[in-house]
Amino acid sequence: MKILGTPATSAEAAIVALVLTTSTDGVVQSGNVVGNPDVFSLIVLTACSTLDALPKALLGLAAVMWLSGTLQQRSYIASAIMLAALYVVANLARLTIMAMSNDLYDLAHGPIGAGIFDGIIVASVFALSLCWTPPYAKAEQAT
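What comes next concerns the included structure. (Residues numbered from 1 in each chain as written. Predicted model: local features only at pLDDT ≥ 70, side-chain atom pairs only at ≥ 80, totals over all residues. Heavy atoms only, no water.)

## Things to note about the packing of aromatic side chains
Then step 1. Within this structure, the stated rule accounts for two aromatic pairs.
Then step 2. With 5.9 Å between their ring centres and 45° between their planes, Phe40 and Tyr105 make a pair best called tilted. Taken together, the residues span a long stretch of sequence, with Phe40 in strand E3 (residues 40-43) and Tyr105 in helix H4 (residues 102-109) at a distance of 65 residues.
Then step 3. With relative accessibility at 16%, the residue Phe40 sits in the buried group.
Then step 4. Seen from their ring centres, Tyr87 and Phe117 are 5.4 Å apart, and the 75° between their planes marks the pair as edge-to-face. Placement of the pair is Tyr87 in helix H3 (residues 73-100) and Phe117 in helix H5 (residues 111-131), with a sequence separation of 30 residues. Each of the two residues, Tyr87 as well as Phe117, counts as buried.
Then step 5. Positioned above the aromatic ring of Phe117 is the side chain of Arg94, whose terminal nitrogen or guanidinium carbon lies 5.1 Å from the ring centre. (Phe/Tyr/Trp six-rings, centres within 6.5 Å; stacked < 30°, edge-to-face > 60°. Helix = DSSP H or I, 4+ residues; strand = E, 2+ residues; numbered from the N terminus. Buried < 20%, exposed > 50% of the residue type's maximum accessible area, 1.4 Å probe, protein only. Lys NZ or Arg CZ within 6 Å of the ring centre and 35° of its normal.)

So, in C-alpha cells, the structure goes:
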C-alpha cells in the first residue's frame, strides 16, 4: 500500500472529480483531495480506497465458496470479476457522495452509510458464493 497508495487514491479522487463536475461547479482535484474548496473537500485515504479493501472482499468470496463447497477455479474467477466490478462502482459512488458536502460525508461515512455499504458487499459475497451460477456452468451441467 505504501507504493501504490498515492496513485490509487489520486486515481479514485480523479474519477470522483469527473463525476462531481457533472452536477457541481468549482470542483477541484489535487492528488487525493477532491471537492469544491469553498464548500467541502474530501481527502481519499488508503483505508477508503478500493485497492485496500477489495482484496479482503475477494478473500471473503473464496472463503465462503470453499466453506460452501462451491469453490471451483472458473466459478471463482467469474464471481471475483463480478464482485470487483460491483465493489469499484459502489466504493466510487460512496466516495462521490462523501465529497459532495459535510452532511453527506457524515451520512455516508457514519454508521448508516458504512452499514449500508458493508451490507451490500457482504450480501454480494454470499449471493455470488451461494446463489449465482455462471452461465457456462449451466451449459456444462446440461451436457
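## Considering the pattern of salt bridges
Then step 1. This model, assessed by the stated rule, comprises one salt bridge.
Then step 2. Notably, a salt bridge pairs Asp52 with Lys56, separated by 3.5 Å at the nearest N-O pair. With Asp52 and Lys56 both in helix H2 (residues 50-68), this residue pair falls four residues apart, about one helical turn.
Then step 3. The class of Asp52 is partly exposed, set by a relative accessible area of 21%.
Then step 4. On the basis of relative accessible area, Lys56 is assigned to the exposed category, the value being 55%. (Salt bridge = Lys/Arg side-chain N within 4 Å of Asp/Glu carboxyl O.)

## Comments concerning the packing of H3 against H4
Then step 1. At their nearest, the axes of H3 and H4 sit 5 Å apart, and the two run at 145° to each other. Of the residues in H4, those in contact with Arg94, Ile97, Met98 and Met100 of H3 are Leu104, Tyr105, Ala108 and His109.
Then step 2. Here the contact of H3 with H4 is built from residues that sort into six nonpolar, one polar and one charged. (Axes fitted to C-alpha atoms, helices over the stretch in contact; angles between N-to-C directions. Contact = heavy atoms within 4.5 Å. Nonpolar A, V, L, I, M, F, W, Y, C, P; charged D, E, K, R; others polar.)

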